[in-house]
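These are the residues of each chain, in order.
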Amino acid sequence: MLQDRSSYKLLYSPPVIVAALGYFVDIYDLLLFSIVRKSSLISLGVPEAELFEKGEYLLQTQMFGMLVGGIIWGIMGDKRGRLSVLFGSILLYSLANIANGFVTTVDQYAVLRFIAGVGLAGELGAGITLVSEILPKHLRGYGTAIVAGVGVLGAVAGNFVSKSFDSWQVSYFVGGGMGLLLLIARVSVMESGVFLKVREKEEVSRGNFFQLFTSRKRLVKFLGCIFIGLPIWFTIGILISFSPEFAKALSITGTITTGDAVMYSYIGLCVGDLGSGIISQLVRSRKKVALTFILMTACLFILYLFMPIRTATFFYITCFALGVSIGYWALFVTIAAEQFGTNLRSTVATTTPNFIRGTVVPLIWLFKLLRDSIKGHYLPALGESAAYSKGMIYGALIVGSMTIVIACIALLPIDETFGRDLNFEEET
């Protein structure tokens, strides 16, 4: 019993702290574009009528970069080690975000958001994999919850920094500088012992991405791990990122800014990440808690789209509640890491969250298609403003409902992994 109690000190060990701080900087940079979207595009000379369209384009570019980066860093994490990803990814996205402060055209902005996306893709998966393998199994859920809970507060920091300086460029410089400083702290972190043992086995194939497709069971689990996270990035990528546009459609009184919506939703996400991790430890189940949070998300995004009180205060309260409901993000990545052997763990834990982030591209495309179609249907009878509102609300309702149904189905074939020993490999 004393040994169990003393083991809780591992939750404050350098790997956990550094992984949490790394994810903090990662989220700061990831959400910063959404926070400074309007101000940065206006300064680049984008007309008011094109802000939404250009914002969608740049967000899609960033997410496509994360999709590509997820594969690259995931494979590297299993071939070269978890630490190589933690160092390489933060260096790339830190330099890219500093360079973002010097853009003068939308095309330059797009190229650098893609590069930053590639760099940002490696942070969470490598950090969760490292923490999962270093901590004993009875602490794993707490450790990953701490990493994610601290990390998502980076969005709050991003909002405060953006409000503290008149220049949006400074916000990018701060993010890049924090990342470079974190590289110094990472020198003290040791590689995962579980990975080092596997690396000594020459007969074990490591980081073979295509190995996920050679077994039906592995493929089904991999796809399941991806799709259970769909509601999370529907909420972040559409409802929160375009909150001023939704506020207009809902006739919200008062001013709604993306930065504040991101901040309140990510405060909620911090609460949800810590809560889902702790609850999963207490009820000894990952799947039951994930299902509960998915269903909670369904209820809250409906409240968001049809909120009975149309004030800025209630709007932000709903953003906070939505953040809590999608707070199974850490749990979702932990589930992915626990499903697969050491020789594929980093590949899955890194590609899974980034494939989910990448789904923002088709989700935005589908939302735009439905929004315009519904708007066109109502336009002759209701006029421009009312037809716009119908398109925004019902387009989001259809897309959001689809993500909930898919997530619930995807959860079925996934193994319950609470308490699983991670010292095993996938067979070829």
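It should be emphasised that the depicted structure is a prediction, and the values quoted were computed from it without experimental measurement.

### Quick notes on the state of the cysteines
For the structure on display, the rule yields 0 disulfides. Left unpaired, Cys299 is separated from the closest cysteine sulfur, that of Cys408, by 11 Å.

### Regarding helix α14 (residues 258-283)
The terminal C-alpha atoms of α14 lie 36 Å apart, and with 26 residues this matches the ideal 38 Å at 1.5 Å per residue to within 8%. Remark: Arg284 follows α14 within two positions and exhibits a positive phi of approximately 60 degrees.

### Thoughts on the side chain of Asn97
Inspection of the secondary structure puts Asn97 in helix α4 (residues 82-100). Given the relative accessible area of 0%, Asn97 is considered buried. Among the polar contacts listed, one links the side chain of Asn97 to the backbone oxygen of Tyr93, at a separation of 2.7 Å. Non-local contacts of Asn97, meaning those with residues more than four positions away in its chain, are made with Asp29, Arg113, Ala116, Tyr172 and Gly176.

### Considering the pattern of salt bridges
Counted under the stated rule, the structure contains 13 salt bridges. The partner of Glu133 in a salt bridge is Arg82, with the nearest N and O atoms 2.6 Å apart. Taken together, the residues span a long stretch of sequence, with Glu133 in helix α6 (residues 123-134) and Arg82 in helix α4 at a distance of 51 residues. Asp372 is paired through a salt bridge with Arg371; the nearest N and O atoms lie 3.5 Å apart. Asp372 sits in the partly exposed class, given a relative accessible area of 41%. Ionic contacts of the salt-bridge type, sharing partners, join the residues Asp78, Arg82, Glu133 and Arg345 into one network.

### Points about the packing of helix α8 (residues 154-164) against α14
Between α8 and α14, the shortest axis-to-axis distance is 8 Å and the interhelical angle comes to 155 degrees. The orientation of α8 with respect to α14, classified from their angle, is roughly antiparallel. When you trace α8 past α14, the crossing you get is left-handed. In contact with Ala155, Val156, Asn159, Phe160 and Lys163 of α8, α14 contributes Gly259, Asp260, Val262, Met263, Tyr266 and Ile267. Tallied by class, residues from the contact of α8 with α14 come to 7 nonpolar, 2 polar and 2 charged.

### Description of the nonpolar core
One finds Tyr109, Phe246 and Phe315 to be the most contacted residues of the largest nonpolar core, which totals 131 residues. At 15 residues, the largest contribution of residues to this core is made by helix α2 (residues 14-43).

### Describing helix α17 (residues 329-339)
Burial analysis of α17 places 11 of its 11 residues in the buried class, the great majority of the element. For α17, every residue scored as buried is listed here: Trp329, Ala330, Leu331, Phe332, Val333, Thr334, Ile335, Ala336, Ala337, Glu338 and Gln339.

### Observations regarding the layout of surface pockets
One number sums up the size of the largest pocket: a volume of about 420 Å³. If you go around the largest pocket, you meet 17 residues; those closest to its centre are Glu48, Ala49, Phe52, Glu245 and Tyr388. When residues of the lining of the largest pocket are traced back to their parent elements, those giving at least two are α3 (51-79), α13 (243-249), α19 (360-382) and α20 (384-411). Within the lining of the largest pocket, the residues separate by chemical class into 5 nonpolar, 1 polar and 11 charged. Its boundaries defined by the atoms lining it, the second largest pocket holds a volume of some 300 Å³. Taken together, 18 residues make up the lining of the second largest pocket; nearest its centre are Ile35, Val36, Lys38, Ser39 and Thr257. Ranked by residue count, the leading element in the lining of the second largest pocket is α2, at 6 residues. Classifying every residue of the lining of the second largest pocket by side-chain character gives 6 nonpolar, 8 polar and 4 charged.

Calculation criteria
Residues numbered from 1 in each chain as written. Predicted model: local features only at pLDDT ≥ 70, side-chain atom pairs only at ≥ 80, totals over all residues. Heavy atoms only, no water. Disulfide = S-S within 2.5 Å. Helix = DSSP H or I, 4+ residues; strand = E, 2+ residues; numbered from the N terminus. Expected span 1.5 Å × (residues − 1). Buried < 20%, exposed > 50% of the residue type's maximum accessible area, 1.4 Å probe, protein only. Polar contact = N/O pair within 3.5 Å; in protein donor to acceptor, adjacent residues only side chain to side chain. Contact = heavy atoms within 4.5 Å. Salt bridge = Lys/Arg side-chain N within 4 Å of Asp/Glu carboxyl O. Axes fitted to C-alpha atoms, helices over the stretch in contact; angles between N-to-C directions. Parallel < 35°, antiparallel > 145°, perpendicular 65-115°, else oblique. Left-handed = near helix turned anticlockwise from the far one by under 90°. Nonpolar A, V, L, I, M, F, W, Y, C, P; charged D, E, K, R; others polar. Core = buried A, V, L, I, M, F, W, Y, C linked by side-chain atoms within 4.5 Å. 1 Å grid on protein atoms, 1.4 Å probe; cavity = no way out; pocket = protein on both sides within 12 Å on 5 of 7 lines; lining within 4 Å. Points joined across faces, edges and corners; volume = space filled by probe spheres on them.

Bear in mind that shape data such as this cannot, by itself, settle questions of function.
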